[in-house]
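# Close look at the chain arrangement
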Amino acid sequence: MSALGIIPARYASTRLPGKPLVDLGGQTMIQRVVAQARLAGLARVVVATDDARILDHVRGFGGEAVLTRPDHPSGTDRVWEAFEQLGSPPEVRCIVNIQGDEPFIQPAQIDALVNLFAGGTPPAIATLIKPVLTEEELFSPHLPKVVTNQWGHALYFSRHPLPYQRQHPPAEWLRYYRYYRHLGLYAYRPDVLRQLTRLPPSPLELAESLEQLRWLEAGFTIQTAITELDAFGIDTPEDVLRARKKLGGRTED
């Protein structure tokens, strides 16, 4: 089973311009993401960028990259263009969309999604979810939550904690229900990814600013896989400082 990892890496960022090229302990962020992705069970790892500086940098450290259009509305669209530029290889059973701002992504998290496509009937879309452990996580609008059915299919994603527990005060919600937060790692069948890029924005997506709600509204099923491993996205200069601290300040060749 052939799995292709594509890492969308846009240069422009409101809070952290040039984010993929930020230095983290002697390596750039995109270099660390590529290195982690290569440890997973992927046949190929490709960076999809809109900027020649990122393209040249990735190729300079031995990575594979393609230059995509600068006007894509989302990483999903950039991933699809990259797949087309690669010739839409027919042997690819799933495409994994790996966030370019998660330098600590664990190979096991990628493999958890890839493994869902190994059976006879692969899912249309798959994504990762993680148990919510703290009240801060639960009520942060920056950490989307997800509710699923008994088969692990996503029912809804929200920036608000769901479900609402009418019989308990919010401070006690974690005691009485197992909440999950959504991690922004996706895998798709190639034919499904093509369809997703042709969907118009939906009312729920616009209300919550969550692209995956567009897919649910269009009738697609999203299979989830549970991970206990955390995610560490970098969006601000403060996040960069936290990441450098996590690395212990060491430098690497």
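Structure: see above.
Read on for a plain summary of the structure. (Residues numbered from 1 in each chain as written. Predicted model: local features only at pLDDT ≥ 70, side-chain atom pairs only at ≥ 80, totals over all residues. Heavy atoms only, no water.)

Let us look at the overall build of the protein chain. Per the secondary structure count, the protein chain includes 10 helices and 11 strands. For the protein chain, whose C-alpha radius of gyration is 18 Å, the value lies close to the compact-globule estimate of 18 Å for 253 residues. In terms of overall dimensions, the protein chain has a C-alpha envelope of 60 × 45 × 30 Å along the principal axes. Every one of the 253 residues in the protein chain was classed for burial, and the buried ones make up 53%. A separation threshold of at least 6 residues defines the contact pool for the protein chain, and within that pool the share at least 24 residues apart is 67%. Total accessible area on the protein chain is roughly 12100 Å²; 51% of this is exposed by carbon and sulfur atoms. (Helix = DSSP H or I, 4+ residues; strand = E, 2+ residues; numbered from the N terminus. Rg over C-alpha atoms; globule rule 2.2 N^0.38 Å. Buried < 20%, exposed > 50% of the residue type's maximum accessible area, 1.4 Å probe, protein only. Contact = heavy atoms within 4.5 Å. Areas by Shrake-Rupley, 256 points an atom, 1.4 Å probe, with all protein chains shown as cover.)

Right, let's talk about helix α2 (residues 52-60) for a bit. Residues of α2 that are buried: I54, L55 and V58. Viewed along the axis of α2, the buried residues span an arc of 105°, placing them on a single side of the element. Counted as exposed and oriented over 90 degrees from the buried face of α2: D56 and G60. At its buried positions, α2 is contacted by β1 (2-9), α1 (29-38), β4 (44-49) and β5 (64-67). The N-cap of α2, judged by a side-chain oxygen 2.8 Å from the amide nitrogen of R53 a few residues on, is D51. Of the residues flanking the end of α2, it is G62, one or two places downstream, whose phi is positive at about 95°. (Arc of directions from axis to C-beta. Polar contact = N/O pair within 3.5 Å; in protein donor to acceptor, adjacent residues only side chain to side chain.)

Before going further, it helps to examine the pattern of salt bridges. Pairs may arise between side chains of opposite charge once their charged atoms sit close together. According to the stated counting rule, one finds 11 salt bridges in the structure shown. In this structure, D101 and K19 form a salt bridge, with 3.2 Å as the shortest nitrogen-oxygen distance. Of this pair, D101 sits in the loop between β6 (92-97) and α4 (107-114) while K19 sits in the loop between β1 and β2 (23-24), and the two are 82 residues apart along the sequence. For D101, a relative accessible area of 15% gives the class buried. When salt bridges with common partners are traced through the structure, they connect K19, D101 and D235 into a single cluster. (Salt bridge = Lys/Arg side-chain N within 4 Å of Asp/Glu carboxyl O.)

This part covers the environment of I234. Relative to the helices and strands, I234 is located in the loop between β11 (222-226) and α10 (237-246). Judged by its relative accessible area of 1%, I234 falls in the buried class. The spacing of I234 and L16 is 218 residues in sequence and 8.9 Å in space, taken between C-alpha atoms. Excluding its chain neighbours within four sequence positions, the residues that come into contact with I234 are L16, K19, L24, M29, D101, P103, D239, V240 and A243.

Glancing now at the pairing of β4. Counting buried positions over the six residues of β4 gives five, a clear majority of the element. Relative to β4, β1 runs parallel, the two sharing six bridges. Within β4, the position partnered with P8 by the bridge is A48. Both β4 and β5 contribute to a ladder of four bridges, which runs parallel. Looking at β5, one finds that A48 is bridged to V66. In this fold, β4 hands off to α2, which returns the chain to β5; that crossover is right-handed. (Pairing = 2+ DSSP bridges. Right-handed = clockwise from strand over helix to strand, strands pointing away.)

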